[in-house]
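Results of the structural survey
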Amino acid sequence: MTEPAISISGLHKHYGDLHAVDGLDLEIPRGEVFALLGPNGAGKSTTVEILEGFRKRTSGEVSVLGIDPQSATKEWRHRVGVMLQGTSGRGLLTARESVQYAARLYPNARDVDETLAAVGLTEKAGAKPATLSGGQRRRLDVALALIGRPELVFLDEPTTGFDPEARRQFWGLIESVRGDGTTVLLTTHYLDEADHLADRIGIIAAGRMVALDTPAGLRSRANAAHISWVDDGVARTEQTATPSAFLRDLLARTPGEITSLEVRHPSLEDVYLQLIGETQRAAADPSADTEEVAS
Amino acid sequence: MTATAAPPTPTWTSMTLARLSVELKEFFRSREQMVFIFLFPMMLLLLFGSVFGGEEIAPGVTFAQYFLAGMVASGILNTGFQSLAMTISIDRDEDVLKRIQGTPLPATSYFAAKVAQVLLVSAVQVAILIAIGVVIYDVTLPSDAGHWGTFAWVFLLGTAAATTLGIAMSTLLRNAKSGSAVITPIVLFLQFTSGVFLVYTQIPTFLQHVAEIFPLKWLAQGMRSVFLPEDFAAAEARGSWELTTGAIVLAAWVVIGLVLAVKTFRWTRHDDN
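Residues numbered from 1 in each chain as written. Chains lettered and ligands numbered in written order. Predicted model: local features only at pLDDT ≥ 70, side-chain atom pairs only at ≥ 80, totals over all residues. Heavy atoms only, no water.

The next point concerns the overall build of chain B. Along its length, chain B carries ten helices and two strands. The C-alpha atoms of chain B give 20 Å as radius of gyration, which agrees with the globular expectation for 273 residues (19 Å, within 12%). In chain B, which comprises 273 residues, the share counted as buried stands at 53%. Taking the contacts inside chain B whose residues are at least 6 apart along the sequence as the reference set, 77% of them involve residues at least 24 apart. Where the 16 positive side-chain charges of chain B centre and where its 18 negative ones centre are 14 Å apart. (Helix = DSSP H or I, 4+ residues; strand = E, 2+ residues; numbered from the N terminus. Rg over C-alpha atoms; globule rule 2.2 N^0.38 Å. Buried < 20%, exposed > 50% of the residue type's maximum accessible area, 1.4 Å probe, protein only. Contact = heavy atoms within 4.5 Å. Lys, Arg positive; Asp, Glu negative; His and termini not counted. Charge placed at Lys NZ, Arg CZ, Asp CG, Glu CD.)

Okay, structure coming up:
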C-alpha cells in the first residue's frame, strides 16, 4: 500500500499546436482526497481523462493503481470508479435499475439500497433520469461511481448545479468515502468545496501545475491584507503586508470616525485568483481553450 | 457492509446477461423504438395489405402475401441496421458509451448483448408479422423442415448483416442529430428497389441491378422462397429463388459489416480525443 494511487511525471497532451497539458508532475498517495482546480481550458479534464483511460497522452509517464491507464484491464476497472463531467437525462432505466445493473459488474459491489440511501435517492429509486433534478442525476452518477467499492474514485465537477444544501450533503458523502480509505481525485470550480474536502489542492493553469499545497498552506501564501475605507466619499483600498502599521498611521492622520473601515485577510479564493492571474499574464497566448475540446 | 466470504467475480456471461437485460428494457421502454422500429412494419403490413392486398400479382399469390415477405425482411433491417445505427450514435453523442467504457464491462459483452437484443426483438417482430400474414392474408406456412431451414439461415444471416452494418453506420454518422436524415433515405431507397413496397420485377432493370448489390433484396427474396408457393420462383427476376447467390451476398455483407464495425468503432464522440 506504499505505492501511490496516482503518479504522473512529465505528462504532455498536445492537440496540434495546442498544449492542453504541458509537463505535469503529480503524486497522490493512497487514501488522499485531492482537488484539482483551475479555470476552464486549464487542462483539468484532459488530465483526469488521461488518468481514467479515456484519452491517450502525447508523452510522459502515468501510473494509476500501478497500471498504465492507456492499457486498462477489466481487473483495473474493478478498482476504479469514474464519474464523468455532465450528465444525461435520456436513460430509460430507473435509478435502482441503473445501480443494480452496475452492481452486477463488480466482484465486491456495495449493497444497492444502502448505496441509494447514501446518496439520498431512496425516495427516487423508482424514478427515471427524465424526472430527476440535475442534482439528483449527479447523485445517481456518484452512486454508480461508488457501487463497485473502488480503491480510487474520479469525480469530475461533481457538484456543478447543486444548491447549497445538496452540496453540503454531497460533502458528507465524500467524507464517508474517505473514511473507507478510498482515494478521491476531484475537480471543481468551487474553492470552498476544495477547502472543505481536500487534503491537498493542485491548481492547474495553461496545462501546468502552478501550486500544490494543503488548503491551509495555500491560504498562508498570501500575507498581504486588504484595508478599505471611505475618505471624503471616495472609496480607498490599500494592500499591505503590515496592516497594523498602516492602520496606526491611518488612524493618526484621520480625526474622528473612519467610514466603512475594513481589514480583510486573503481567502483561498484570493490566492487562487492571484495565482491564475499571474499565469495568465505570463502566458503569451491567452486564448488557449482546451476545455472546449473536452466538453 | 460486512465482508463475507469472497463474492463471485462476475463472469463474461453474467455481465453479458446483465447488459442484455438493460438493452431489452431500453428498447421496449423507448417510444421511438417501439413505434418506428418494432411496430412500423406491422402497421405497414396492415395498411398496404388492406389497400392493395387483394390484387393478385401471379396466379394464387396476392400482393399482401408478397408484401409479408418484404415486411419480414424490412423488420430485420429496421431492428438491426436502423435501430442500432441510431441508438448507438445517440449513446455515443451523449457519452453513454464513454460511461460504459469506464466500467468493467468487456467490449465483447457489450456487442454480444446488442446482437442478442436484436435477435430477440427481431424474432418476436417476425413472429407477429407472420401471424398477421397467416390470420389476415391467407399465407400458408411451410410444413417441411427444408423451408424452415431456409428461413433460419436467411433470418440469421440477414440479422447478422443488419447488425454489423448498423454498428458500423453508427460510427460513420459523425453526429447523431443527422442520423435519421441519413438513415431514413437509405432504408426507404432500399425498400422501394428491393421488392418490399413494389414488386421487384416491376421496377426498371437498372434499379434492380442497383438493389442486387445490397442485402435487403436477397433477404426479401429468401423470405419469399419460404412463404410463397414453390411455383412463384418462375416469376422472380431470374426465374429462380437464387438462394445460393443470396447466401453469398448476405455473407459478404456480414464480413464487410464486421470489418467496418471493428475497424471504426469508438466509445467517445468524434470531437473527443
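Time to look at the overall build of chain A. Secondary structure assignment for chain A yields eleven helices and twelve strands. Here the C-alpha coordinates of chain A stretch approximately 75 × 45 × 35 Å along the principal axes. Split into buried and exposed, the 295 residues of chain A put 49% on the buried side. A sequence separation of at least 24 residues applies to 67% of the contacts in chain A between residues at least 6 apart. When the accessible surface of chain A is split by element, carbon and sulfur atoms take 48% of a total near 13200 Å². (Areas by Shrake-Rupley, 256 points an atom, 1.4 Å probe, with all protein chains shown as cover.)

Contacts between the two partners involve 31 residues from chain B and, on the opposite side, 34 residues from chain A. Roughly 2900 Å² of surface becomes buried between chain B and chain A when both sides are summed, with 54% attributable to carbon and sulfur atoms. For the interface between chain B and chain A, the tally reads five salt bridges. In this structure, Lys98(B) and Glu49(A) form a salt bridge, with 2.8 Å as the shortest nitrogen-oxygen distance. Between chain B and chain A we count five residue pairs in polar contact (both at pLDDT 80 or more) in total. Secondary-structure elements contributing two or more residues to the side of chain B that touches chain A are α1 (12-29), α3 (63-93) and α4 (96-101) of chain B. Examining the composition of the side of chain B that touches chain A, we find that nine residues originate from one element, α1(B), more than from any other. Partitioned by chemical class, the residues of the side of chain B that touches chain A number twelve nonpolar, seven polar and twelve charged. (Buried area = accessible area lost by both parts, 1.4 Å probe. Salt bridge = Lys/Arg side-chain N within 4 Å of Asp/Glu carboxyl O. Polar contact = N/O pair within 3.5 Å; in protein donor to acceptor, adjacent residues only side chain to side chain. Nonpolar A, V, L, I, M, F, W, Y, C, P; charged D, E, K, R; others polar.)

Let us now look at the UniProt feature "transmembrane region" (unreviewed entry) in chain B. Following the UniProt record, the feature "transmembrane region" (unreviewed entry) maps to residues 34-54, 66-90, 111-136, 148-169, 181-200 and 243-262 of chain B here. The span residues 34-54 of chain B shows a helical share of 90% and a strand share of 0%, and its end C-alpha atoms are spaced 28 Å apart. (UniProt positions renumbered as here; feature names shortened; annotations may be inferred.)

Moving on: the sheet that holds strand β11 (residues 234-240) of chain A. Residue and element names in this part refer to chain A. On the basis of which strands lie adjacent, the open sheet formed by three strands has the order β11-β10-β12 and antiparallel pairing. Each edge of the sheet is formed by a strand with only one pairing partner; in this case those strands are β11 and β12 (259-264). Averaged over all pairs of adjacent strands, the angle between strand axes in this sheet comes to 15 degrees, irrespective of strand direction. In this fold helix α9 (residues 243-253) packs onto β10 (225-231), β11 and β12, with an angle of close to 15 degrees to the strand it touches most, β10. (Pairing = 2+ DSSP bridges. Axes fitted to C-alpha atoms, helices over the stretch in contact; angles between N-to-C directions.)

All names here are of chain A. Here Thr182 is to be found in the loop between α6 (164-179) and β7 (183-188). In this structure Thr182 comes out as buried when scored by relative accessible area, which is 4%. A distance of 3.4 Å separates a polar side-chain atom of Thr182 from the backbone oxygen of Val177. Apart from the residues within four sequence positions on either side, Thr182 is in contact with Gly31, Glu32, Pro150, Glu151, Leu152, Val153 and Val177.

Residues and elements named next belong to chain A. With five of five residues buried, strand β3 (residues 33-37) is to be regarded as a mostly interior element. Of the two faces of β3, the one carrying Val33, Ala35 and Leu37 and the one carrying Phe34 and Leu36 are both buried. Note that β3 and β7 share five bridges and pair parallel. Directly across from Phe34, in β7, lies its bridge partner Leu185.

Our focus in this paragraph is the UniProt feature "domain: ABC transmembrane type-2" (unreviewed entry) in chain B. The UniProt feature table records "domain: ABC transmembrane type-2" (unreviewed entry) at residues 32-268 of chain B. The span residues 32-268 of chain B carries 74% helix and 2% strand; its end-to-end C-alpha distance comes to 24 Å.

Residues and elements named next belong to chain A. Here Val99 lies in helix α3 (residues 95-103). Residue classification places Val99 among the buried residues on the basis of a relative accessible area of 0%. When the C-alpha positions of Val99 and Leu146 are compared, they lie 9.8 Å apart, and in sequence the two are 47 residues distant. Not counting residues within four places of it along the chain, the set of residues in contact with Val99 comprises Val112, Leu116, Leu140, Ala143, Leu144 and Ile147.

Here we take up unusual backbone geometry. Residue and element names in this part refer to chain A. Phi is positive for Asp232, which is not a glycine, with a value near 55 degrees. Within the secondary structure, Asp232 sits in the loop between β10 and β11. For Asp232, a relative accessible area of 78% corresponds to the exposed category. Look at Ser260: it is not a glycine, yet its phi comes out positive at around 55 degrees. Mapped onto the fold, Ser260 is located in strand β12.

Here we come to α3(A). With respect to burial, α3(A) is a largely interior element, seven of its nine residues being buried. All buried positions along α3(A) are accounted for by Ala95(A), Glu97(A), Ser98(A), Val99(A), Tyr101(A), Ala102(A) and Ala103(A). Where the residues of α3(A) are buried, they touch α4 (112-118) and α5 (134-146) of chain A together with α1 of chain B.

So, about the UniProt feature "domain: ABC transporter" (unreviewed entry) in chain A. Per the UniProt record, the feature "domain: ABC transporter" (unreviewed entry) sits at residues 6-231 of chain A. Along residues 6-231 of chain A one finds 31% helix and 29% strand; the C-alpha atoms at either end are 53 Å apart.

Bringing the pairing of β10(A) into the picture now. Residues and elements named next belong to chain A. Sheet analysis places β10 next to β11, joined by seven bridges and oriented antiparallel. Paired with Asp231 across the strands is Val234, a residue of β11. The turn linking β10 back onto β11 is made up of two residues, and Asp232 within it adopts a positive phi angle of 55 degrees. Pairing analysis gives four bridges linking β10 to β12, with the strands arranged antiparallel. By the bridge assignment, Val230 is partnered in β12 with Thr259.

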